[in-house]
Amino acid sequence: MRVSSFQAFRQTTDSLMKNLADMFRLNAQVASGKRIGKPSDDVRGTARALDYKVAIDAGEQYRRNVRDASAAIGFAETSLSSVSSALQRAKELVLQGASGTQSDATRAAIAKEAAGVRDQLLSLSNSRFGSLYVFSGFRTDTPAFDASFAYRGDAGSLNVAIDQDVLIAKNVAGDGVFGYSRAAEEVVRQSDGSIVHYIPGAGTTVSVEIRASDDTTVIDAFSFNNVMEMADLLSEALEDDDAGRISALIKPFDDAAERVGEVRADLGARLNRLEDQDGRLENAAFAARSALSEVEDADIASTVSDIARTDATLQALRASAGKILSQSLLDFLR
Amino acid sequence: MSILGLMNIGKSAIFASQAALNVAGHNIANVNTPGYTRQEVILETATPIVPLAGGYIGIGVAVSAIERRYDRFVESQLLGQEKSFGKSTAMDQVFAQVEQVFNDFGGAGLSRNLQAFFDAWGSLSANPEDAAQRSVLLSRADALAGAVKTMDRSLAATVEGINDDIDAAVGRINGIAGDIALLNGRIVEAEAGGTASANDLRDARDKLAAELSGLAGVDTLEDARGSLAVYLGMRSLVDGESAVPLTAAPDASGNLQLSLSGQDLASGSVDGRLGGLLASRDTIESGLLSGLRRLAAVLTKETNLLHRAGYGLDGSTGNDFFAPLSLATTDSSAGGSVSSAAVTDLSALTLSEYAVSIGAGGAYTVTSSDTGATVASGTYASGAPIDFEGIRIVLAGTVAAGDSFTVSPLTGAAANMGVSVTDPRKVAAASAAGALPGDNANALRIAGLADAAVASLGSVTFSSYYGGLVTEAGSLARDASDLKAFDENLRAEIRNRRESASGVSIDEEAANIIAFQRAFEAGARMIRITDELLQTVLQL
């Protein structure tokens, strides 16, 4: 083949350019540590990398929600454990008051303590996590129960997403915990022969009727909505030495303690679930990160060896270019 | 044969060698001239042949021609390859630029903004009362809208740049066509009647034809007189000594359209750089740009629909989260015009584009570009609104048969994207007015859009729709750069073949110089010897 001078020159420069471009590309890979610097570097890899990044970001948001929910539920659980203790104490006071061996003075002291329990329950029901009332449903800016023990919150269940299409409630509405409600009427025969009827009323109202042994004559009737009102009634009954009422309150306090126990068990289950979910999300994030690195990151060892190879080619090219381009027949015609 | 005949033979040798040295010098001088074709002196024995004792002998040497070492086949291949290379280079330049708009690997990128936006709704759903979360959400939404706007602007600027390039290419094409017409005249004149070839003029014309082919992909045909006819898209661009001007004029949407001798050139009939620019402009507009605008429009629509149904901390409801979608109209009518176009029912909006056309007797039809279906039709009564798919338009002026308008909720969707909620308290996280401030149901619903398959995006999520745009940009850039690399290699190969046949080799010319220098010397010696012979005769 005939080789013209310009051809020799251009082929040499073309080859140099090609290798320099390779060198530049490899160098950029080493500098960024990434195999993909722009979508066209690997179109399929780009699609996968974007999917992984979205999954990682979304996973981080779910984990933030999990931590948020854990903190809120943990706080509610702690508050409710104090409620359990308070109810336990109330039940002890009922039993002490009902024993009939109390003097006026000791009963007054017990009545005072019952009032203390009532106030403690009220303050627990209005617990605040940060600036938010935790037992008020959606009305987190309002105390759950007001001074007259009326529920001011609502039944709102604050659901947060902890995974795609998986919601968990991070609160528990106050009237479900502190409220006292019954599904059906229940009758308890007391040791003194009287018969106590616990009758479900509207909402969380429960009416109590203490009837004589004929189960017809109503000796006493009263009603309450929640544990604060129960403690208030207990305190009054102790002051008034109303043995009938005091004994009639034993069952409601038992039921309330049981109810709080159930709610606490539910909160505990939610905490467990959140902990599991956190672990799952962490594993998923780890897997997604590894997959992303697999797709996106440069294999530095092989890139560096590619650089060495390209460098060797470049040097050889320069050496041969020095020979080809610098001489012609004219150099030898003197 | 006389002794003086010997003198003439010597003289012819000197002249021929001198001509050959001239050509060698010309070749060496042009060793690096692009498009130069090596020339060669064709020598032949000079006639007439005279009888000599025992036989016949010529009267020396003569230059019969100075030829270009030219391979017609390689030259036509080169013309074809310049055409492909021009097209793939233009597309590679455009798509490499467009790809950077969709490059999510530099840390930034819309996919991040999109995810951050939905994450902010997720955080708000966990703490709906929190003023800080609300502010974070607003700033994330601002960043998202800003990113969409920037991308839209970049793509629009790219399209604008393409139009500028088209204009520049058209100018250059007309310049070259004029030059070829001029050279045609000079070549025909130089070569008229004789056998002499206007080598350097032909080199110049071939070079221009190659450039023209790279610019627009032309076909050429040389006639018997040596004049080159150039055709673009089957229409004459250069005919003899006259060139027809190629013109580029903007259409209704501001894009340049080509026409030659008063007739429109379809973009498919143009190749080369111009063809590449036209094709990439169409691809960007119908693919990436409209995709981005659709994404913005759907995001605005879906977010606003949910947001309007929710309640802010201050109890306000019915607020748009993003600036409401506006309608862009174009008018290609003589009489009527669109006096107003508005979205009347956001939930009924399908985010298609519509063509409104007026027929005989004021009968109008509205056609959806997505489905091709007629979505409304009737008889137009002056001033009466036309309603279709959540849109109401009102026409004005003298509406006549043949009038047509287009209505699009997409055109401005990305450019006008913005957050219309400014007061963090108005962010509607709650689904009911009575459950404030802790109700998060609406925030939860909007955060859920992140994972929702959205029907108007082809039943994929926002992030996978965007991912589709990124991979589309990536494959366009990749395909263009692959094709360009292929065309570049092929062009280099063909240029090599051309250089191999037509290029100047200094070594070869150096050898020729020595050969002709020696021939010159021998010719001169010949004359001296003849002189000596004459002296000898004279002294007899």
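Residues numbered from 1 in each chain as written. Chains lettered and ligands numbered in written order. Predicted model: local features only at pLDDT ≥ 70, side-chain atom pairs only at ≥ 80, totals over all residues. Heavy atoms only, no water.

Student: With reference to specific residues and values, describe unusual backbone geometry.
Tutor: Residues and elements named next belong to chain A. Positioned with a positive phi, Phe 149 is a non-glycine residue whose angle comes to about 65°. Residue placement: Phe 149 occurs in the loop between β2 (132-133) and β3 (159-163). Judged by its relative accessible area of 11%, Phe 149 is buried. (Helix = DSSP H or I, 4+ residues; strand = E, 2+ residues; numbered from the N terminus. Buried < 20%, exposed > 50% of the residue type's maximum accessible area, 1.4 Å probe, protein only.)

Student: Can you lay out the confidence of the model for chain B for me, pointing to particular residues and giving the numbers?
Tutor: Regions with low pLDDT carry predicted coordinates that are not meant to be interpreted in detail. Of all residues in chain B, 99% attain a pLDDT of 70 or more, and the chain-wide mean is 89. Two summary scores accompany this predicted model of the complex, namely pTM at 0.83 and ipTM at 0.81. (pLDDT = per-residue confidence, 0-100.)

Student: Describe the interface of chain B and chain A, naming the residues involved and giving the relevant values.
Tutor: Listed per partner, the contact involves 53 residues of chain B and 50 residues of chain A. When chain B packs against chain A, the two sides together hide about 4100 Å² of surface, and 54% of this comes from carbon and sulfur. It is Phe 105, Glu 499 and Ser 500 of chain B in chain B that bury the most area against chain A; as a group they hold 15% of the surface buried on that side. The tally of links between chain B and chain A comes to 2 salt bridges. Of the charged contacts in the structure, one is a salt bridge between Arg 2 of chain A and Glu 508 of chain B, with a shortest N-O distance of 2.6 Å. For the pair chain B and chain A, the interface holds 23 residue pairs in polar contact (both at pLDDT 80 or more). Counting residues per element, the ones that place at least two in the side of chain B that touches chain A are α2 (72-101), α3 (110-126), α8 (462-502) and α9 (506-538) of chain B. Among the elements that line the side of chain B that touches chain A, the one with the most residues is α8 of chain B, at 15 residues. For the side of chain B that touches chain A, the per-class residue count stands at 18 nonpolar, 22 polar and 13 charged. (Contact = heavy atoms within 4.5 Å. Buried area = accessible area lost by both parts, 1.4 Å probe. Salt bridge = Lys/Arg side-chain N within 4 Å of Asp/Glu carboxyl O. Polar contact = N/O pair within 3.5 Å; in protein donor to acceptor, adjacent residues only side chain to side chain. Nonpolar A, V, L, I, M, F, W, Y, C, P; charged D, E, K, R; others polar.)

Student: Tell me what's going on with the environment of Lys 323 of chain A, and back it up with residues and numbers.
Tutor: All names here are of chain A. Structurally, Lys 323 is set in helix α8 (residues 300-326). A residue is classified by how much of its surface remains accessible, and Lys 323, at 65% relative accessible area, is exposed. With 73 residues separating them along the chain, Lys 323 and Ile 250 place their C-alpha atoms 109 Å apart.

Student: Requested: an account of the sheet that holds strand β5 (residues 186-189) of chain A, with residues and values cited.
Tutor: All names here are of chain A. Taking strand neighbours across the sheet as the criterion, the 4 strands line up as β5-β6-β7-β8 in an open arrangement whose pairing is antiparallel. This sheet does not close on itself; its edge strands, each paired only once, are β5 and β8 (218-224). The average undirected angle you get between the axes of adjacent strands in this sheet is 15°. As paired elements, strand β6 (residues 195-200) and strand β7 (residues 206-211) share 6 bridges and run antiparallel to each other. Considered in β7, the bridge of Ile 195 is made with Arg 211. (Pairing = 2+ DSSP bridges. Axes fitted to C-alpha atoms, helices over the stretch in contact; angles between N-to-C directions.)

Student: Break down the environment of Thr 350 of chain B for me, citing the residues and quoting the values.
Tutor: Residues and elements named next belong to chain B. By the element assignment, Thr 350 lies in the loop between β13 (337-343) and β14 (354-358). Residue classification places Thr 350 among the partly exposed residues on the basis of a relative accessible area of 31%. It is 8.1 Å that separates the C-alpha atoms of Thr 350 and Gly 390, two residues lying 40 residues apart in sequence. Engagement of the side chain of Thr 350 in a polar contact is seen with the side chain of Glu 389, the distance being 3.1 Å.

Student: Help me get a handle on the side chain of Arg 10 of chain A, residues and values and all.
Tutor: Relative to the helices and strands, Arg 10 of chain A resides in helix α1 (residues 5-32). Discounting residues that sit within four places of it in the chain, Arg 10 of chain A has contacts with Arg 495 and Glu 499 of chain B.

Student: How would you sum up the packing of α2 of chain B against helix α4 (residues 131-191) of chain B? Please name residues and give values.
Tutor: All names here are of chain B. Put simply, α2 and α4 touch, their axes get as near as 9 Å, and they point 170° apart. Comparing their axes, α4 and α2 come out roughly antiparallel. For the pair formed by α2 and α4, the contact residues are Val 94, Gln 97, Val 98 and Val 101 on the first element and Met 151, Ser 154, Leu 155, Thr 158 and Ile 162 on the second. Partitioning the contact of α2 with α4 into residue classes produces 6 nonpolar, 3 polar and no charged. (Parallel < 35°, antiparallel > 145°, perpendicular 65-115°, else oblique.)

Student: Talk me through the packing of aromatic side chains; I want residue IDs and the actual numbers.
Tutor: All names here are of chain B. Scanning all chains against the criterion turns up 15 aromatic pairs over all chains. With a centroid separation of 6.0 Å and an interplanar angle of 50°, the aromatic rings of Phe 117 and Phe 321 are classed as tilted. Placement of Phe 117 in helix α3 and of Phe 321 in the loop between α6 (272-309) and β12 (328-331) is noted, with a sequence separation of 204 residues between them. Put simply, the rings of Phe 117, Phe 118, Trp 121, Phe 321, Phe 322 and Phe 462 pair up and form one aromatic cluster. Lying across the ring of Tyr 70, Arg 68 places its NZ or CZ 4.4 Å from the centre. (Phe/Tyr/Trp six-rings, centres within 6.5 Å; stacked < 30°, edge-to-face > 60°. Lys NZ or Arg CZ within 6 Å of the ring centre and 35° of its normal.)

Student: Which residues make up the pairing of strand β9 (residues 246-250) of chain B, and what are the values?
Tutor: Bridge analysis of β9 of chain B against strand β10 (residues 256-260) of chain B gives 5 bridges, and the strand direction is antiparallel. Bridging across to β10 of chain B, Ala 248 of chain B finds its partner in Leu 258 of chain B.

Student: An account of α3 of chain B is needed here, citing residue identities and associated values.
Tutor: With 17 residues, α3 of chain B extends 24 Å between its outermost C-alpha atoms, agreeing within 8% with the 24 Å of an ideal straight helix rising 1.5 Å per residue. Burial analysis of α3 of chain B places 16 of its 17 residues in the buried class, the great majority of the element. (Expected span 1.5 Å × (residues − 1).)

Student: If you had to explain the sheet that holds strand β19 (residues 404-408) of chain B to someone new, which residues and values would you point to?
Tutor: Residues and elements named next belong to chain B. Strand order in the open sheet made by the 5 strands is β12-β19-β14-β15-β16, with antiparallel pairing throughout. With one partner strand each, in any of the chains shown, β12 and β16 (374-379) form the two edges of the open sheet. Shown here is a sheet whose adjacent strand axes are inclined to one another by a mean of 15°, direction ignored. One ladder, built from 5 bridges, connects strand β15 (residues 363-368) with β16; its direction is antiparallel. Of the residues in β16, the one forming a bridge with Thr 365 is Ser 377.

Student: Can you explain the nonpolar core? Please cite residues and give values.
Tutor: Residue and element names in this part refer to chain B. Ranked by internal contacts, the top residues of the largest apolar core, which has 113 residues, are Phe 102, Phe 117, Trp 121, Leu 237, Leu 274, Phe 321 and Phe 462. It is α4 that contributes the most residues to this core, 20 residues altogether. Those residues within four positions of Phe 117 in sequence are excluded, and the remaining contacts are Leu 137, Arg 140, Ala 141, Leu 144, Leu 299, Thr 303, Phe 321 and Phe 322. (Core = buried A, V, L, I, M, F, W, Y, C linked by side-chain atoms within 4.5 Å.)

Student: Requested: an account of a nonpolar patch on the surface, with residues and values cited.
Tutor: All names here are of chain A. On the surface, Phe 9, Ile 324 and Leu 325 cluster together to form a nonpolar patch covering roughly 270 Å² of accessible area. Assignment of secondary structure puts Leu 325 in helix α8. Assessed through its relative accessible area of 38%, Leu 325 is described here as partly exposed. (Patch = residues over 30% accessible without salt bridge, like charges linked within 9 Å, V, L, I, M, F, W, Y side chains within 5 Å. Areas by Shrake-Rupley, 256 points an atom, 1.4 Å probe, with all protein chains shown as cover.)

Student: Could you give an account of helix α1 (residues 3-29) of chain B, naming the residues involved and the relevant values?
Tutor: An α-helix turns once per 3.6 residues; consequently, residues spaced three or four apart project the same way. Taking 1.5 Å of rise per residue, 27 residues should cover 39 Å, and α1 of chain B covers 39 Å from first to last C-alpha, within 8% of that figure. Among all positions in α1 of chain B, only Gly 5, Gly 10, Ser 12, Ile 14, Ala 16, Ser 17, Ala 20, Val 23, Ala 24 and Asn 27 of chain B are buried.

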